[in-house]
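# Chain and residue survey
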Amino acid sequence: MSFADLATKASSTGAGFAFAGQPTQSFQWAGAGTPLFVSRTGKKEDDDDDEEGDDAEEGQYDPQFEPVIELPEEVPTVTNEENEMVVFESRAKLYRFDATSKEWKERGTGPLKLLHNPDTKMARVLLRREQVHKLACNHWLTSGMELKALESSDKSWCWFANDFADEVPKMENFAARFASKQIADEFHERFNALKAGLTGEAIPDAPVNGVGRHSTSSRDAGPFEKRVTLSRREGDKTVTLGMGELKIVKDAASKGYRIVVMDDHGKSLADHLVVAGGEQKRGRQNSFQWEGQRAGDSTRVQYEARFSSKSAVDEFEQALIPAQNPSLK
């Protein structure tokens, strides 16, 4: 039998080639017809249920944590300006003159205020730096202060003051520049108005915290008050006593006048009767020398005061004339 006969026989029976002992069947791959990607919906729902259960358990857990350190109650901010009236306030740039480098150096920018206390009748100049609120200027406004215009700017004023911004009293030459000439003129007007309304009583303690203890005295206010650096002659030496407010005041007991100098902490640097016909003369660097008589004895002491300007020396010399001769007043 030839291969052609075998092929003819297979086509007629449909068996095709087959191995002996094996049933004739069509060939199929293993797993044929089975979907490759099966949806696991049932498993996902179970997972969702588990997650919802976990969320429920987490929602029920509410731990309590006790603070390690108890925080204090909120303390209100006190600026010590509460009892003061704002007479003037405007944004300004403050400068101080550096005597070493002979130039103006910026001190800070912020609201420059003129404050007046109706109870103590005292006034002060205050500036806090913007954002940080650190003091850049904080000093009493006294009757001896004078505002001077800067030649380089019509929006600026400069003045001398014993400043306490750094808690240590220091004589400073300040300059303030405002946004416009109109604001600068208003500052000048309010400054002089406050100065004219001062009582002329002794300067209280330093306004570091904004509040000073008002010094009272049985003596009436005198015709003169200026800021000075006081010295005293002791033998061949001159001893510096310190800075303070020099005043000529009436003395009820002698019906004459006294020269009183108090520092910024209330300490007396000098307190003596004005001697009629006592030696007096001008010194160098805006200073003036005179003799004073100590209370209770006839001892005479020679003093020297250094002023901030020549005009202040002139005023002091003129004020001594009626003080030495009360009948002329």
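Residues numbered from 1 in each chain as written. Predicted model: local features only at pLDDT ≥ 70, side-chain atom pairs only at ≥ 80, totals over all residues. Heavy atoms only, no water.

## Digging into the confidence of the model for the chain
Do not read the fine detail of predicted coordinates wherever pLDDT is low. Across the chain, the average pLDDT comes to 76, with 69% of residues at 70 or higher. For the stretch residues 199-206, pLDDT sits under 50, and the model shows 31 contacts to residues farther than four places along the chain or on other chains. Across residues 208-222 the pLDDT falls below 50, and counting only partners more than four positions away or on other chains, this stretch makes 33 contacts in the model. (pLDDT = per-residue confidence, 0-100. Contact = heavy atoms within 4.5 Å.)

## Things to note about the pattern of salt bridges
In this structure the tally under the stated criterion is 16 salt bridges. Taking the shortest distance from any N to any O, the salt bridge between Lys105 and Asp98 comes out at 2.9 Å. Classification of Lys105 as partly exposed rests on a relative accessible area of 33%. Salt-bridge contacts for Glu245 lead to Arg227; the nearest nitrogen and oxygen are separated by 3.6 Å. Linking Glu245 in strand β9 (residues 237-251) with Arg227 in strand β8 (residues 224-234), this pair joins segments that are 18 residues apart in sequence. For the pair shown, Glu245 and Arg227 are each scored as buried. By sharing partners, the salt bridges in this structure join Arg282, Lys310, Asp314 and Glu317 into a single network. (Salt bridge = Lys/Arg side-chain N within 4 Å of Asp/Glu carboxyl O. Buried < 20%, exposed > 50% of the residue type's maximum accessible area, 1.4 Å probe, protein only. Helix = DSSP H or I, 4+ residues; strand = E, 2+ residues; numbered from the N terminus.)

## Some thoughts on the side chain of Lys113
Checked against the element boundaries, Lys113 lands in strand β2 (residues 103-117). Setting aside residues no more than four positions away along its own chain, Lys113 makes contact with Glu81, Phe88, Glu89, Arg124, Val125 and Leu126.

## Quick notes on the nonpolar core
Buried together is how nonpolar side chains tend to be arranged in soluble globular proteins. The biggest cluster of nonpolar side chains holds 25 residues, and the ones touching the most others in it are Leu114, Trp159, Phe178 and Phe187. Of all elements in the fold, only β1 (85-98), β2, β3 (122-128), β4 (135-140), β6 (156-163), β7 (170-178) and α3 (181-196) reach the threshold of two or more residues within this core. Formed by 22 residues, the second largest nonpolar core is a distinct cluster that contains Val228, Tyr257, Ala312 and Val313. (Core = buried A, V, L, I, M, F, W, Y, C linked by side-chain atoms within 4.5 Å.)

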